[in-house]
Amino acid sequence: MDKILEALVSSTHPLPIKRAIVKKVVEAAEKEVTEEQCQALYHLTTRLILQGEDAFQRQVGQQVQEAYARFHRDEFARFLNRELVIGLLQQGYGSLDRRDPAILDFLHGCLRLLLSCPSVLELAPVLQTEVLRIVCERPDAPLCAKLAALLTDFPQCVPRDKTAALFCQQLVRTFAHFQCPVGQEAELRRYVTQVSRVATLLQGIWKAEPATLLPSLQEVFAIISSTDPSFEPSIALASLVQHIPLQMITVLIKSLTTDQNVKDASMTQALSRMIDWLSWPLANHVDTWVIALLKGLAAVQKFTILIDVTLLKIELVFNRLWYPIVRQGALAVLSHMLLSFQHSPEAFHLVVPHVVPLVQSLQNDGLPTSKAFLLQFTELIHCMMYQYSGFPDLYDSILEAIKELPKPSEEKIKFVLNQSAWTSQSKSFASGLLRLTGKSETGKTGLVNLGNTCYMNSIIQTLFMATDFRRNVLSLHLNGSNTLMKKLQHLFAFLAHTQRAAYAPRCFLDSSRPPWFTAGSQQDCSEYLRFLLDRLHEEEKTLRALQAAKPKVVSPEAESIDDATVHGVTDTPSQSHTEPVDAEGDGQTLVERMFGGRLSTSIRCLQCHSLSEKEEPFTDLSLAFCPSAPQSTLGPCQGAVNGGSENVEGPVKEAQSVERPAREPPLSLRDLVEYFLAPEILEEENCYFCERCGSLERAEKAIRVVAAPEYLILTLLRFSYDATCHVRRKILENVEIPLYMGLPVYQHYSSVSNAAASSSSSSSPMAAMDSPESGENLAKKLKPSRKEEEEEGEERLRDVRKEGGERAGTHFVPYVLSSVVMHSGMSSESGHYYSYGRNVSGTDGCGVVTSVHKPCCKSPEMEVGLNNIGQSESFTASQDVAECAGQNSSEWFLFNDSRVSFTNFQSVQNVTSRFPKDTAYVLIYRKQEAGAQPGGKQGTVNGSRFNGEPPLHKDLMDAITKDNKLYLQEQELNARTRALQTASASCSFRPNGSDDNEPPGSCGPSGGGGGGGFNTVSRLVF
């Protein structure tokens, strides 16, 4: 019979014929069959069930085995013997691994066929041993669920007596290793079902043998209180909480909180992970246990743990309110944490930014449950705003959102606050606010805002992220000098190597602040950047001049003094003190080598075609907005000046809604560069006085970049002066920022030298951009009047150039974005600056830039340049991102004073669309030249941006080492003080007595609370 069946299932006969024959085989089970035939069929059906090639073969195996086991039970009991069970569980079956859930499924099915048969009792001891071994091997959730199903149906196979507690402990430990799948909702639901099935098994064991409950709970606490950073227990442990009898809460919590062997760090971990359990969708009573533990810790005055955990987890608990399935429990925990945290508004202010979006979502939901929940939530918010009044700027938007909802009476608010307070109102636990702080996960250092100094902080961070400039600054030999460059070097060294989370640049602020800047008031970051670069440039020129004026022959003593005070120790006597190596030998300053370029301004008379040209240096290009372009600005005579109110959102939005659709496609940075370089016709009141003609004539004025800087600084002229209202208005037009761009650089060759063609000035590189011909005036558009005459003039102009033997062309220098300074606000006199940046050197980028943006200016010279280099494809913003696939979030940083965080290029592009007041203001691009050595010194090795970082000079290293030691001493002192004050609070608690300690130092909003070192990512919320 087994041979027939085996040949049948592997044959190519049609499926209906196979099914008919299988039916005959099943019916034959009722007849008498020999022992050998039964055993052969059982072995065949086992192979079909476990290793069947398709569902049909597995189905046939199950049908035949079930039929023959029913009518020949004794033979099947002899087949399912001890050796077979041990072999399946320890060795698997054929190619099937022993940990495959199909093995347990097969045994489960076999045991069902032998239900109430004595052979099951004979197999029970074997299975008890094997299931304990399986659990000790940490099976995954699917296998553990199969095991739970088998043990639930056959409880006699569960380990007994002394091994029962061990089995429960190992099963709890297995829970901690479950891995939640990241996939579709169906997979998550399947995972939750599997975990719940195993938890139900544990519940049954606890009920059958109560002695196993306490060891299981001890194991749970040991797992969640572990401080091992390499292991993060699974949130699936939350499914066990609902099966713990609530009557045990009081005893267990008291035992935990009074146990002297439980360290504070372990208790903090345990409480934090229990709060994470709020994310588990089917766990009941988690909120009850969390609140009980919070109350227990308050009862024994462990306020440091309460403060740290509250600040660490309050935002995560608030985030659970978005999910209806866990919303009610999360609100209970959130209410207790906020209402009991009455010594500081820090915890409440961490969640304030998230209140309005949640309220609006609940109001739009329209469900009865959402409305009821909203009433409870708004009552909590009213209590907190009552407790911490005095922050109208934070609460105005909340009050506006909940103004239609009922407000609790003052008596009720006081009652809720009084009954929710921590048992102790001692001020000594305020020391818990002195939490240890360190650098953010980015490894970057922030800059402390010293009073409206965000304009300086944003510029310093962008210069620091200019990799080659930073390396050159850190490489300078400036020992003993007191120059501004030395102070910048000192600041850069601390930003790179300090252990502090944020550095206070007081010394640099005092030295670099322009004389006309009022201390403590908001300033223009672009103006500060120009002043800073100009100051560094002029300082280096002055020191060079002083060095050149010194006698060439000096005594060794004098030489050593000069080295220490002017240029430091160097092997090259002619080397300047402000540059490590002047490879080109052209005497350029560091600012000129890094940021300096040259512009050529030419004016050609359209009457006699005489040409006047002048070259000027520049360190930044000021890009104006086209006057005809739709610009979103403040309404007439509105806007904030000198930090006043900026409640102008209505007029701004109205202007945007009316005018923005007029621009299609959106304005891009390349449009502004095109507008800057576009030729201009001087006519009518702007006619040019031609010396050759001796009269005012129409002329063509053109601006060209003739030398590209290593770092291209672009300033968007967003502030225009309104003579009517006497204010500088901000242009809120969103400008698309490309990751890559090509700067058209004009090349000019002449067979006859023209001495008047270049009138290069040796003045400051800033002077050119501050001249009347700079800024908006340099960016005037070609006027459309007299089109035919202009075309005729251009034709003649090309003829003259051709006859004169001139060859003109434009090549395009590729640049990659390095930094962006954003301005948030409505006017230049108020608002806030922050910046985005990343490390980019001269040969870095997101791969090889095979094409750069086609130039925007379509002058004849650029047309020639296009023909020379071929038609290159334009980059759109999305294509930039696509080509830069390697630019993950860890390569971009957001610098916001003392806060530094990871971000990505998409955030840079989309920030204005999400926050209309936040607009790009200053952009820095790095020139990309394969194989070049930027700045005359640095090269690259395999494209690594971390090579070439210069070693710090001894004086810098000593200063940083000293400060880092001081920082560690401060942290150690804070930790000791907290420990002593906590111990004092435990010994001298007087519930109704007075307290001589001072109140907390500040009740202002905290900037940066809620960070922590634990993994608090919720991994399962539907």
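Bear in mind that the values here come from a model prediction, so they are computed numbers and not experimental data.

## Thoughts on the pattern of salt bridges
Logical step 1: Summed over all chains, the structure comprises 28 salt bridges.
Logical step 2: Two residues, Lys412 and Glu379, come together in a salt bridge whose shortest N-O distance is 3.1 Å. Remark: Glu379 occurs in helix H19 (residues 368-387) and Lys412 occurs in helix H21 (residues 410-420); sequence separation between them is 33 residues.
Logical step 3: Through salt bridges that share partners, Arg98, Arg99, Glu130, Arg133 and Glu137 make up one connected network.

## Things to note about the side chain of Gln65
Logical step 1: On the secondary structure map, Gln65 appears in helix H4 (residues 55-71).
Logical step 2: For Gln65, a relative accessible area of 5% puts it in the buried group.
Logical step 3: Ignoring any residue separated from it by four or fewer positions in sequence, one finds Gln65 in contact with Tyr42, Thr45, Thr46, Ile49, Phe76, Phe106, Cys110 and Leu113.

## With respect to helix H11 (residues 185-208)
Logical step 1: Here H11 contains 24 residues, and its C-alpha end-to-end distance of 35 Å stays within 8% of the 34 Å for a straight helix at 1.5 Å per residue.
Logical step 2: Considered for burial, the residues of H11 that qualify are Leu188, Tyr191, Val192, Gln194, Val195, Val198, Ala199, Leu201, Leu202, Ile205 and Trp206.
Logical step 3: For H11, the elements touching its buried residues are helix H9 (141-153), helix H10 (162-175) and helix H12 (213-224).

## Quick notes on the confidence of the model for the protein
Logical step 1: Scored by pLDDT, the protein has a mean of 75; 72% of the residues are at 70 or more.
Logical step 2: This stretch, residues 553-585, has a pLDDT under 50; its non-local contacts, to residues over four places away or in other chains, come to 56 contacts.

## Details of the packing of aromatic side chains
Logical step 1: Taken as a whole and judged by the stated rule, the model has 23 aromatic pairs.
Logical step 2: The interplanar angle of 50 degrees and the centroid separation of 5.9 Å between the aromatic rings of Phe348 and Tyr395 together place this pair among those described as tilted. Separated by 47 residues along the polypeptide, Phe348 in helix H18 (residues 346-365) and Tyr395 in helix H20 (residues 392-401) bring together distant segments of the chain. We note that Phe348, like Tyr395, is buried.

## A short note on the environment of Ser898
Logical step 1: Looking at where Ser898 falls in the secondary structure, it is placed in the loop between strand E16 (892-896) and strand E17 (899-903).
Logical step 2: For the pair Ser898 and Cys454, spaced 444 residues apart in sequence, the C-alpha separation works out to 9.8 Å.
Logical step 3: Ser898 has contacts with Gly446, Leu447, Ala501 and Ala502, leaving out every residue within four places of it along the chain.

## Focus: the pairing of E17
Logical step 1: Inspection of the sheet shows E16 paired to E17 by five bridges, in the antiparallel sense. Note that in E17 the partner of Asn896 across the bridge is Arg899.

## Focus on unusual backbone geometry
Logical step 1: Phi is positive for Arg138, close to 55 degrees, though the residue is something other than glycine.
Logical step 2: With respect to the helices and strands, the residue Arg138 is situated in the loop between helix H8 (118-136) and H9.
Logical step 3: On the accessibility criterion, Arg138 (25% relative accessible area) is partly exposed.
Logical step 4: Despite not being glycine, His285 has its phi angle at roughly 70 degrees, a positive value.
Logical step 5: Looking at the secondary structure, you find His285 in the loop between helix H14 (264-276) and helix H15 (286-299).
Logical step 6: With relative accessibility at 31%, the residue His285 sits in the partly exposed group.

## Quick notes on the packing of helix H3 (residues 35-51) against helix H7 (residues 101-113)
Logical step 1: Between H3 and H7, whose axes approach to 10 Å, the crossing angle comes to 140 degrees. Considering their axes alone, H3 and H7 lie oblique with respect to each other. Our pair here, H3 against H7, has a crossing hand that is right-handed. On H7, the residues touching Thr46, Ile49 and Leu50 of H3 are Ala102, Ile103 and Phe106.
Logical step 2: Split into classes, the residues belonging to the contact of H3 with H7 amount to five nonpolar, one polar and no charged.

## As for H20
Logical step 1: If you check which residues of H20 are buried, you get Tyr395, Ile398 and Ala401. End-on view of H20: buried residues confined to an arc of 110 degrees, all on one side of the axis. Facing away from the buried surface of H20 by more than 90 degrees, the exposed residues are Pro392 and Asp393.
Logical step 2: Elements in contact with the buried residues of H20: H18 and H19.

Criteria and cut-off values
Residues numbered from 1 in each chain as written. Predicted model: local features only at pLDDT ≥ 70, side-chain atom pairs only at ≥ 80, totals over all residues. Heavy atoms only, no water. Salt bridge = Lys/Arg side-chain N within 4 Å of Asp/Glu carboxyl O. Helix = DSSP H or I, 4+ residues; strand = E, 2+ residues; numbered from the N terminus. Buried < 20%, exposed > 50% of the residue type's maximum accessible area, 1.4 Å probe, protein only. Contact = heavy atoms within 4.5 Å. Expected span 1.5 Å × (residues − 1). pLDDT = per-residue confidence, 0-100. Phe/Tyr/Trp six-rings, centres within 6.5 Å; stacked < 30°, edge-to-face > 60°. Pairing = 2+ DSSP bridges. Axes fitted to C-alpha atoms, helices over the stretch in contact; angles between N-to-C directions. Parallel < 35°, antiparallel > 145°, perpendicular 65-115°, else oblique. Left-handed = near helix turned anticlockwise from the far one by under 90°. Nonpolar A, V, L, I, M, F, W, Y, C, P; charged D, E, K, R; others polar. Arc of directions from axis to C-beta.

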